[in-house]
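# Residue-level structure breakdown
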Amino acid sequence: MEQSVTQKNFMQKQTTILADLNPMQKPLLIIGIIVSIILFSAIVITADWIQGVLFILGLALGATLLYARFGFTSAFRRLASVGNVQGIQAHLLMFVVSTTLFAIILSNGFSFTGVEPQGYVSPVGISVLVGAFLFGIGMQLGNGCASGTLYNLGGGGSSMIFTLIAFIIGSTLGAYHLPFWTETPSLPPISLAESTGLGFFGGWVVQLLLFGLIYWITLIVAKRKNPPAMKPLAKGSGWKLVFRGAWPLFIAGVILAALNALVLLVRGTPWGITSAFALWGGKTLQAVGVDVSSWGYFSGDAANALSQSVLMDSTSVMNFGIILGAFIAVTAQGNFKPRKIKPGVAGAAIVGGLLMGYGARLAFGCNIGAYFGGISSFSLHGWVWAIMALLGTGVALFLRPLFGMMNPNKNDQFC
């Protein structure tokens, strides 16, 4: 009986279910809104309206991630452990939309601010292979990727404090070592649209075919593994469906794709997260007398960022928005409940954060900049990142129990 229920839920891809919602945490919600207004004002005064718009987009990204509990880490873990493909299928829908929007934007060279839009297309070499593999291990130990760390922190995930601090340290160390890794064997940046001569329409067709192939593979995996379904989240009805309850995973994927395209239109580059962590670490070291400006990583625009307010850095501004957007969403749901951190989980969070930070620098991005932004930009390195991160996830499944962390089990009703 239990197996049939699991199969039914999985095949329907039901990620939300009508249920009673917790009372709204109005005092915390008001605090979140007030802090957001104050920070928005400070950003506009310090920088400009463009930075303010990016902050608002960060708020929207954080809220979307929280409302749907949209996972990159969990999607990889569920696939590798029990063959649950719901998360990966949501990624595929997200990529179909983002690839289509990116193709239109990049082919026309249009942006809202007059800046020529550029996708994330990076070299493919040893640094990407090693970095993405380390990131895959790290995100499973840290229980969250780059976006997951930020929105879970805003959502009350206590262990994410350790993950974020370690993430910053690892990213800073990766920035220090990056010149060494960039000298290792590597192919040049390869765009499936521009480097192949196919153009953006041809590249779009190729990527849609790849998405279709992967979707077909997920159907085969689901049929053979018959995995437990994702546990559906509580949703409301009427206006509560939007502001109080959970959002369906696939709708969130479409919204994230549209928001990433808006980021590209506003600042000229896709959504990214981890470059800000290296900047925060660099500024901290600089404040205590370390000459980080001599590092190869902090040159050009990165060098300018060291001497400017952090509110001038678009990635930092968006990261602040993600945290606050998630906080506003979770308090609207009434689910902000920080919990005590177990020693094993804290240890895993630190190790995971270090690996993710270091790996993201080597791989020219994280699950957002390299995976989401890279594939959406037709970059071969985004596809390579996905493969290596999935391999790292497989290794991490053997490491998680050492820290007292559970993996999905094929006999579970939900995962």
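Quick summary incoming for the structure in this document. Since we're looking at a predicted model, the values are computed, not measured.

Within the element layout of this structure, Phe243 appears in helix H10 (residues 240-243). Given the relative accessible area of 51%, Phe243 is considered exposed. Sequence separation between Phe243 and Ala63 is 180 residues, and the spatial gap between their C-alpha atoms is 9.6 Å. The contact partners of Phe243, leaving out residues within four places of it in the chain, are Tyr67 and Ala332.

Our focus in this paragraph is helix H9 (residues 199-225). In this model, H9 (27 residues) spans 38 Å end to end at C-alpha, consistent with the 39 Å of a helix rising 1.5 Å per residue. Considered for burial, the residues of H9 that qualify are Phe200, Gly202, Gly203, Gln207, Phe211, Thr218 and Ala222. Two residues or fewer after H9 comes Asn226, characterised by a positive phi angle close to 45°.

The next point concerns the side chain of Ser36. Here Ser36 lies in helix H2 (residues 26-46). A polar contact is formed between the side chain of Ser36 and the backbone oxygen of Gly32, at a distance of 2.8 Å. Sequence-distant contacts of Ser36, that is, excluding residues within four places in its chain, are made with Phe55, Leu59, Leu324 and Ile328.

In this section: the environment of Ile323. In this structure, Ile323 sits in helix H14 (residues 314-333). On the basis of relative accessibility, which here comes to 21%, the residue Ile323 falls in the partly exposed class. Spatially, the C-alpha atom of Ile323 lies 5.4 Å from that of Leu150, the residues being 173 residues apart in sequence. Among residues more than four places away in sequence, those in contact with Ile323 are Leu150, Leu153 and Gly154.

Before going further, it helps to spend a moment on the packing of aromatic side chains. The final tally for this structure, using the stated rule, is 24 aromatic pairs. For the ring pair Phe95 and Tyr371, a centre distance of 5.1 Å and an interplane angle of 85° mean the geometry is edge-to-face. Of this pair, Phe95 sits in helix H5 (residues 86-108) while Tyr371 sits in helix H16 (residues 367-376), and the two are 276 residues apart along the sequence. Here the two residues Phe95 and Tyr371 agree in accessibility, since each one is buried.

Here we take up a nonpolar patch on the surface. Together, Ile161, Phe162, Ile165, Ile169, Ile341, Ile350 and Leu354 line one region of the surface with nonpolar side chains, adding up to about 560 Å² of accessible area. At the level of elements, helix H8 (160-182) and helix H15 (343-362) are the ones that each hand at least two residues to the nonpolar patch. Looking at which element gives the most residues to the nonpolar patch, the answer is H8, with four residues. Along the polypeptide, Ile169 turns up in helix H8. Using a relative accessible area of 48% as the deciding quantity, one classes Ile169 as partly exposed.

The rules behind these values
Residues numbered from 1 in each chain as written. Predicted model: local features only at pLDDT ≥ 70, side-chain atom pairs only at ≥ 80, totals over all residues. Heavy atoms only, no water. Helix = DSSP H or I, 4+ residues; strand = E, 2+ residues; numbered from the N terminus. Buried < 20%, exposed > 50% of the residue type's maximum accessible area, 1.4 Å probe, protein only. Contact = heavy atoms within 4.5 Å. Expected span 1.5 Å × (residues − 1). Polar contact = N/O pair within 3.5 Å; in protein donor to acceptor, adjacent residues only side chain to side chain. Phe/Tyr/Trp six-rings, centres within 6.5 Å; stacked < 30°, edge-to-face > 60°. Patch = residues over 30% accessible without salt bridge, like charges linked within 9 Å, V, L, I, M, F, W, Y side chains within 5 Å. Areas by Shrake-Rupley, 256 points an atom, 1.4 Å probe, with all protein chains shown as cover. Salt bridge = Lys/Arg side-chain N within 4 Å of Asp/Glu carboxyl O.

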